[in-house]
Amino acid sequence: MTSTRSPLTGRLAVNALLGLMALYTLIPLWWLLVSATKGQGYLYKGSPLWFSHFDLGGNLSSVFSFQGGVFSSWLANSALYSLVGAAVSTLLSVMAGFALAKYRFRGREAIFNVILASVLIPAPMFALPLFLMLAKLQLTDTYWAVLLPSFVSPFGVYLSRIYASASVPDELLEAARIDGAGEYRTFFRIALPVMGPALVTIFLFQFVSVWNNYLLPSLMINDSSKLPVTVGLVQWRSEFANGVSPMLPITGAFVSLIPLLIAFIALQRFWRSGLTAGAVK
Amino acid sequence: MSTQTAPPPAPAPARVVAGSSRRRHHRRTALSAAGFLVPFGVLFTAMMLAPIGYAIYQSFYKVHRQGLFGGAQTTEFAGLDNFTAALHDGDFTASLGRVALLGVVQVPVMLGLALALALLLDARSARLRKTFRMVFFLPYALPGAIAAVMWSFLLVKDLSPFTGPLGAIGIHTDFLSAGWIPVSIGNMITWGWTGYNMLIIYSALQSLPAEVIEAAALDNCTGWRLAWHIKIPMVRSSLVLTTVFSIIGTAQLYTEPAVLAAARIPGASNKFSPIMNTTLTASQADQNLAAAESVLLALVTLVLSFGLLKFTQRKTADA
Amino acid sequence: MKSRVFRVAATAVAVASLASLAACGSNGSTSKASGPVSMEFWGWAPGYDKITAQWNAAHPDVKVTFKQIPSGGKGGYDQMTNAIAAGKAPCLGQVTYNDIPQMVVKNALMDITPYASGDTGKYLDWTVAASSAGGKTYGIPVDTGPMALYYRTDLFQKFGITAPPATWDEYAADAAKVHAADPSVAFGTAPQDAYDMAGLSWQTGKPWFGTQGTAWQVSIDNPGTQQVAKYWQDLKDKQEVMNNGNAWDPNFDKASEAGKVATFVNAAWAVPGITGDLKDLSGKWAVAPMPTWTTGDKTSANSGGSATSVLSGCKTPKQAEQFAAFLSSDPDAVSTGITVGGLYPASKAGLDNPLLSQPNPYFGGQKIYDVFKQSAANIPTTWVVGPTFGQVEADYSDAIGKSGLPQATTTVQQKTVDKIKSLGLSVTGG
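Residues numbered from 1 in each chain as written. Chains lettered and ligands numbered in written order. Predicted model: local features only at pLDDT ≥ 70, side-chain atom pairs only at ≥ 80, totals over all residues.

Participant: For this particular structure, what's the right way to read the overall build of chain B?
Facilitator: A count of helices and strands for chain B gives 13 helices and 2 strands. A total of 319 residues make up chain B; the buried ones form 50% of that total. Long-range contacts, defined as pairs at least 24 residues apart, comprise 71% of the intrachain contacts of chain B with a sequence gap of at least 6. (Helix = DSSP H or I, 4+ residues; strand = E, 2+ residues; numbered from the N terminus. Buried ≥ 20, exposed ≤ 12 C-beta atoms within 10 Å, placed from the backbone. Contact = placed C-beta atoms within 7 Å.)

Right under this line is the structure:
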């Protein structure tokens with residue numbers, strides 16, 4: 001049997017390549033960590049990849065106190081936009097996906113195809129006309145201007161439909177109806193629990209996509225206290241020349257990474273199951 | 001890739017369980033279906049379809065202004081004038097070209113890397129699988145805009161930890177000079193998204209039936225040959241989907257170059273990507289031209305991604 | 001297990017929607033009671049916040065709130081026009097002379113002729129003209145940007161330059177001298193964008209725009225601009241000036257601190273920039289007249305300078321105009337503008353402000369405003385600003401990154417003609 005031959009050189013090569021890629025991934029993040037600890041005015045001093053002039057505390061306090069402590073509002077806004085956006089869009093997607101999977105009615109396929117096609121048209125391309133429309137409704141520069149568009153996730157509907165078709169047995173729904181349960185009761189009590197994994201997946205992906213959003217809030221929001229952290233940090237970066245120290249965007253970027261990092265490690269299981277979900281069924 | 005995350009991998013083309021639809025289904029009326037669909041439908045129409053419709057409408061009109069400062073404005077039907085103007089705008093077409101080049105070069109590099117990493121992780125000799133997987137996925141936790149802020153410092157010539165080592169092997173470059181910026185942007189996207197794509201492909205690899213791999217091993221098919229002949233063809237659908245979503249992501253490129261321009265990097269252009277062109281055009285009071293540019297961009301993206309899907313579907317059917 | 005996930009999710013939805021309601025309910029409902037008027041003022045010049053406070057102290061019935069926004073070309077104007085589109089615009093905004101015409105084309109500014117007609121005589125004629133369009137007043141001039149040469153006395157001494165260059169030929173000769181002595185030291189900074197190019201071209205007396213009836217004439221690519229472009233491209237090619245980095249750019253600050261840049265040419269409002277960012281260099285900078293193209297000539301130039309405009313949709317334009325006039329002409333406001341913002345007044349009376357004849361310790365006790373006063377008196381008044389400065393700015397920055405200054409100038413000329421056409425205005429030239 002030659003197949004058990006796993007030569008040492010091969011094993012080394014595999015792990016060396018993985019290690020190399022890990023370095024490429026980690027060096028920038030390591031740089032961010034190191035730089036966030038350097039005292040104001042010392043960013044360009046010392047090695048870029050090792051600690052010197054340590055003053056993380058000073059940087060943190062200036063990040064959280066600069067411009068009246070607006071940074072904490074940015075983090076809170078990002079959390080609000082992402083949590084509410086993801087929660088509502090998940091619920092709406094699951095309801096729509098369930099209906100498209102479990103009810104038969106005229107135009108069902110046409111509706112589904114329109115939703116599918118819209119997956120292939122990136123929303124940012126039409127952020128400008130959306131801005132003009134929301135401006136006419138006097139909704140820009142309010143939380144709604146970012147929330148309403150994030151409630152819509154065509155891909156979530158697509159995933160939900162696949163899940164519902166595959167995992168919600170018709171017999172179960174029939175049984176519930178025979179017991180006299182209404183349509184909504186059947187959905188919330190019977191279908192939704194079965195679709196749990198799909199819910200988590202859709203929620204997580206929509207959460208990250210809203211958290212990452214940049215163009216939409218940068219167009220919609222003027223008032224600094226309503227900005228998400230992405231737009232806020234870029235503004236700090238661009239006001240470099242107007243006396244905003246580079247330590248602010250750098251330390252801010254590092255701080256903003258932490259909540260998501262924790263969420264990632266805590267929810268690792270769900271990421272994997274969510275990603276696999278597609279491939280298996 | 002920029003603002004809106006490329007969505008997760010889709011299940012292989014849905015084989016909807018049509019056989020399970022039995023009698024009694026007629027009792028579920030269109031009315032109750034509507035109850036479930038309306039909340040999504042209303043928002044979908046208002047937030048996605050209406051802006052597209054509005055842009056299409058705008059793209060066929062033109063504002064005529066009178067006098068030096070356009071005191072009296074009239075809006076008139078302009079046919080395809082805005083589209084011809086957009087296609088004659090060298091900056092807009094150049095940005096389309098730039099993004100196309102990025103798609104042709106960066107997407108294969110990134111996906112090739114993602115596939116290679118997934119196969120390496122899946123290889124029997126890999127160690128520390130969980131750690132590597134987590135590390136590769138880390139950049140996904142950093143929003144594109146914030147990552148771009150990070151890179152905008154990290155690539156400054158005097159500050160970059162890469163300048164020294166690269167200088168030692170004879171590469172003396174300023175990654176933020178005009179010529180290198182496309183490469184740097186490609187790097188930012190690759191850094192941010194390789195791990196994500198890797199995880200999709202890896203998940204697909206993990207779900208391959210063990211019997212197939214064992215059978216192949218018995219046929220003395222291991223290592224590269226196993227990867228090439230068995231594994232890659234079997235994760236084809238996840239490769240197609242990561243490709244389609246990467247193309248969509250590249251077409252909507254905005255965040256990374258916009259952050260570099262906002263950071264006043266001297267070589268950064270405020271017209272790097274098509275969406276940057278449309279926002280700039282709009283801020284210059286030229287909404288109609290901006291709308292035409294958006295429509296053109298969406299059309300190109302739709303044709304490319306839809307075409308690719310159809311093409312691969314047909315190839316799968318032929319095979 | 002699954003039902004637990006569901007319950008958690010459902011609770012999350014409920015909590016989250018409550019949170020969003022609370023968050024949204026609390027905003028946007030600032031009811032405007034009759035009685036004292038309140039207005040917002042958006043701008044970016046240093047000192048405007050303090051002047052606003054001075055106004056509020058003296059005018060309890062008209063409360064103005066100042067909001068700092070990014071400078072106009074870097075997003076400030078977009079914020080204003082977006083806010084106008086959304087019906088939430090402030091009453092007042094800072095607009096530079098370069099940008100007033102394009103803001104008028106965007107219908108962003110209100111015609112304040114009826115309120116301002118009594119005031120316009122108080123300001124320098126060319127600033128009044130620059131704040132007007134089509135015979136209507138769209139802003140009250142605040143400051144001008146008389147240009148001068150800022151130079152490092154210590155570096156001049158080090159390289160044996162006895163007097164600041166009076167002409168551009170001398171400037172080039174000094175640059176060559178410094179380069180020969182130490183190639184790592186840049187003598188100055190090359191123009192980076194349309195604002196720089198406009199300031200330098202202004203001195204040649206050949207304006208970028210003109211009008212003929214109701215048609216614009218575009219002449220950005222004129223012999224004056226080309227003279228400027230070729231001159232600086234030559235210095236760039238010889239690497240005698242920094243070809244990235246302008247004053248306040250981190251590159252510039254870093255180079256200054258390291259003693260690697262000896263001069264820059266800019267307006268009076270650059271003063272707080274260097275005094276604030278480069279505190280350690282106190283006593284090392286000085287100001288001299290802007291070099292000229294011919295010996296004995298005194299022609300200078302203007303770069304930037306702003307007016308205060310009333311934005312479309314303002315419900316209290318009369319009070320807004322009063323605030324703008326206060327900002328520009330009240331003696332205390334003018335003083336604050338000079339000390340905090342380096343704002344060289346556009347008001348005629350303001351030019352006699354005692355602060356303008358005081359020595360400045362940062363500049364080694366030099367009476368720097370004597371230089372700016374002479375500069376201001378020698379600014380050609382023939383300059384005309386076109387209706388698309390935002391585009392000119394975007395295209396110049398872009399083109400300078402891609403090609404030499406002379407070629408960039410030709411490119412921008414063509415693009416400007418195209419853009420004016422595309423906006424539906426009539427245009428000749430190019």
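Participant: Looking at this structure, how should I read the overall build of chain A?
Facilitator: Looking only at helices and strands, chain A features 13 helices and 0 strands. Helices and strands in chain A line up, N terminus first, as α-α-α-α-α-α-α-α-α-α-α-α-α. Relative to a compact globule of 281 residues, whose C-alpha radius of gyration would be 19 Å, chain A shows 24 Å and is clearly more extended. Taken along its principal axes, the extent of the C-alpha atoms in chain A is 75 × 75 × 35 Å. (Rg over C-alpha atoms; globule rule 2.2 N^0.38 Å.)

Participant: What should I look at first to understand the sheet that holds strand β14 (residues 285-289) of chain C in this one?
Facilitator: Within a sheet, each strand pairs with its neighbour through backbone hydrogen bonds, oriented either parallel or antiparallel. Residues and elements named next belong to chain C. The strand order β13-β8-β14 describes an open sheet built from 3 strands, whose pairing is antiparallel. Looking at the sheet topology across the chains shown, the edges are occupied by β13 (263-267) and β14. Taking each pair of neighbouring strands and ignoring which way they run, the sheet shows an average axis angle of 35 degrees. Here 5 bridges tie strand β8 (residues 147-152) to β14, and the two strands are oriented antiparallel to one another. Bridged to Leu 149 within β14 is Ala 288. Strand contacts of helix α15 (residues 368-377): β8 and β14, with the helix running at about 25 degrees to β14, the strand carrying the most contacts. (Pairing = 2+ DSSP bridges. Axes fitted to C-alpha atoms, helices over the stretch in contact; angles between N-to-C directions.)

Participant: Even after reading the chapter, I still don't get the interface of chain B and chain A, so can you show me in this structure?
Facilitator: It is common to give the size of an interface as the accessible area that goes away when the parts come together. Facing 99 residues of chain B, the contacting portion of chain A comprises 92 residues. It is helix α1 (residues 30-59) of chain B that contributes the most residues to the side of chain B that touches chain A, 18 residues altogether. Considered class by class, the residues forming the side of chain B that touches chain A number 63 nonpolar, 29 polar and 7 charged. (Nonpolar A, V, L, I, M, F, W, Y, C, P; charged D, E, K, R; others polar.)

Participant: I keep staring at the interface of chain B and chain C and nothing clicks. Help me out?
Facilitator: In this assembly, 21 residues from chain B lie in contact with 25 residues from chain C. Elements supplying a minimum of two residues to the side of chain B that touches chain C: β1 (61-65) and α12 (274-283) of chain B. Looking at the side of chain B that touches chain C residue by residue, the class counts come to 9 nonpolar, 8 polar and 4 charged.

Participant: Explain helix α6 (residues 154-167) of chain A here, please?
Facilitator: In this model α6 of chain A runs 20 Å from its N-terminal to its C-terminal C-alpha over 14 residues, within 8% of the 20 Å that 1.5 Å per residue would give. By the criterion of burial, α6 of chain A is predominantly enclosed, with 12 of the 14 residues buried. Where α6 of chain A is buried, its residues meet α2 (56-102), α3 (108-119), α8 (183-194) and α9 (196-212) of chain A together with α1 of chain B. (Expected span 1.5 Å × (residues − 1).)

Participant: Would you take a moment to explain the pairing of strand β15 (residues 306-310) of chain C for this structure?
Facilitator: Within a regular strand, the side chains alternate between the two sheet faces. Residue and element names in this part refer to chain C. Burial analysis of β15 places 5 of its 5 residues in the buried class, the great majority of the element. Burial of β15 is two-sided: the residues Ser 306, Thr 308 and Val 310 facing one way and the residues Ala 307 and Ser 309 facing the other way are all buried. In the sheet, strand β3 (residues 92-96) pairs with β15 via 5 bridges, with the strands oriented antiparallel. Within β15, the residue paired with Thr 96 across the bridge is Ser 306. Across 2 bridges, strand β6 (residues 140-141) lies against β15 in antiparallel orientation.

Participant: Before we go on, may I ask you to explain the confidence of the model for chain A in this structure?
Facilitator: Should pLDDT be low for a region, the predicted coordinates there are not to be read in detail. Within chain A, residue pLDDT values average 87, and 93% of them lie at 70 or more. Averaged pLDDT values over the elements of chain A bottom out at 57 in helix α13 (residues 268-280) of chain A and peak at 97 in helix α5 (residues 143-150) of chain A. (pLDDT = per-residue confidence, 0-100.)

Participant: Would you explain the pairing of β13 of chain C in this entry?
Facilitator: Residues and elements named next belong to chain C. Taking burial as the measure, the 5 residues of β13 include 5 buried ones, the bulk of the element. Relative to β13, β8 is paired through 5 bridges, and the arrangement is antiparallel. Across the sheet, residue Met 147 finds its bridge partner in β13, namely Ala 267.

Participant: Honestly, the sheet that holds β6 of chain C in this entry has me stumped. Any pointers?
Facilitator: Residue and element names in this part refer to chain C. Across the sheet, 5 strands lie side by side as β2-β1-β3-β15-β6; this open sheet has mixed pairing. Here the strands that pair on one side only, and so sit at the sheet edges, are β2 (62-68) and β6. Taken together, the 7 bridges between strand β1 (residues 37-43) and β2 define a ladder with parallel strand orientation. Paired with Ser 38 across the two strands is Lys 63, which belongs to β2. Helix-sheet contacts for helix α2 (residues 48-58) involve β1 and β2, and the interaxial angle to β2 is about 170 degrees.

Participant: Explain the packing of helix α12 (residues 247-266) of chain A against helix α5 (residues 144-154) of chain B here, please?
Facilitator: Put simply, α12 of chain A and α5 of chain B touch, their axes get as near as 10 Å, and they point 140 degrees apart. Compared by their axis directions, α12 of chain A and α5 of chain B come out oblique. Here the hand of the crossing between α12 of chain A and α5 of chain B comes out left-handed. Along its contact with α12 of chain A, which presents Pro 249, Ile 250, Ala 253 and Ser 256 of chain A, the element α5 of chain B presents Ile 146, Val 149, Met 150 and Phe 153 of chain B. Broken down by class, the residue content of the contact of α12 of chain A with α5 of chain B amounts to 7 nonpolar, 1 polar and no charged. (Parallel < 35°, antiparallel > 145°, perpendicular 65-115°, else oblique. Left-handed = near helix turned anticlockwise from the far one by under 90°.)

Participant: How should the nonpolar core be read in this particular structure?
Facilitator: In a soluble, globular protein the nonpolar side chains are often hidden away together inside. The biggest cluster of nonpolar side chains holds 309 residues, and the ones touching the most others in it are Ala 118 and Ile 201 of chain B together with Ile 100 and Leu 311 of chain C. Two domains each provide a minimum of three residues to this core, namely domain 1 (37-143 + 304-352) and domain 2 (147-301 + 364-428) of chain C. (Core = buried A, V, L, I, M, F, W, Y, C linked by C-beta atoms within 7 Å. Domains from an automatic or database assignment.)

Participant: Even after reading the chapter, I still don't get the environment of Ala 85 of chain C, so can you show me in this structure?
Facilitator: Relative to the helices and strands, Ala 85 of chain C is located in helix α3 (residues 76-85). Given 19 C-beta atoms within 10 Å, Ala 85 of chain C falls into the partly exposed group. Ignoring anything within four residues of it in the chain, the contact list for Ala 85 of chain C reads Leu 132 and Ala 135 of chain A.

Participant: Got a minute to help me understand helix α8 (residues 168-181) of chain C in this structure?
Facilitator: Side chains of residues three or four places apart in an α-helix project in the same direction, reflecting 3.6 residues per turn. All names here are of chain C. Look at α8: 20 Å from first C-alpha to last across 14 residues, which is about the 20 Å you get at 1.5 Å a residue. Listed in full, the buried residues belonging to α8 are Trp 168, Tyr 171, Ala 172, Asp 174, Ala 175 and Val 178. All buried residues of α8 fall inside an arc of 165 degrees around its axis, so they share one side. Exposed residues pointing more than 90 degrees away from the buried face of α8 are listed as Ala 180 and Ala 181. (Arc of directions from axis to C-beta.)

Participant: Which parts of the structure should I look at to understand the confidence of the model for chain B?
Facilitator: Residue and element names in this part refer to chain B. Scored by pLDDT, chain B comes out at a mean of 85, with 89% of its residues at no less than 70. Between residues 1-26, whose pLDDT stays under 50, and residues either more than four places distant or in other chains, the model counts 69 contacts. Two summary scores accompany this predicted model of the complex, namely pTM at 0.83 and ipTM at 0.90.

Participant: Is there a simple way to explain unusual backbone geometry in this structure?
Facilitator: In terms of backbone geometry, most residues other than glycine have negative phi values and most peptide bonds are trans. You will see that His 53 of chain A, though not glycine, has its phi angle at about 50 degrees, which is positive. Here His 53 of chain A shows up in the loop between α1 (8-36) and α2. You will see that Leu 128 of chain B, though not glycine, has its phi angle at about 50 degrees, which is positive. Residue position: Leu 128 of chain B is located in the loop between α3 (90-122) and α4 (129-137).

Participant: I keep staring at the packing of helix α11 (residues 229-238) of chain A against α12 of chain A and nothing clicks. Help me out?
Facilitator: Describing two packed helices takes the angle between their axes plus the distance from one axis to the other. All names here are of chain A. Relative orientation of the contacting elements α11 and α12 amounts to 160 degrees, with a least axis distance of 9 Å. With respect to α12, the element α11 is oriented roughly antiparallel. Viewed along their axes, α11 and α12 form a crossing whose handedness is left-handed. Contacts between α11 and α12 involve Val 229, Leu 233, Trp 236 and Arg 237 on the former and, on the latter, Leu 248, Pro 249, Gly 252, Ala 253 and Ser 256. Among the residues making up the contact of α11 with α12, the classes are represented as 6 nonpolar, 2 polar and 1 charged.

Participant: Which parts of the structure should I look at to understand the environment of Gly 72 of chain C?
Facilitator: All names here are of chain C. Within the element layout of this structure, Gly 72 appears in the loop between β2 and α3. Looking at Gly 72, the number of C-beta atoms within 10 Å reads 26, which means it is buried. Each C-alpha atom of the pair Gly 72 and Val 95 lies 7.1 Å from the other, and the pair is 23 residues apart in sequence. Filtering out sequence-adjacent residues up to four positions away, Gly 72 remains in contact with Tyr 77, Val 95, Thr 96 and Asp 99.

Participant: Honestly, the environment of Thr 278 of chain B in this entry has me stumped. Any pointers?
Facilitator: Mapping Thr 278 of chain B onto the fold places it in helix α12. Classification of Thr 278 of chain B by C-beta neighbours within 10 Å gives buried; the count is 31. For the pair formed by Thr 278 of chain B and Ala 291 of chain B, sequence separation is 13 residues and the distance between their alpha carbons is 7.5 Å. Residue contacts for Thr 278 of chain B: discarding those within four places in its chain leaves Leu 128 of chain A together with Ala 290, Glu 293 and Ser 294 of chain B.

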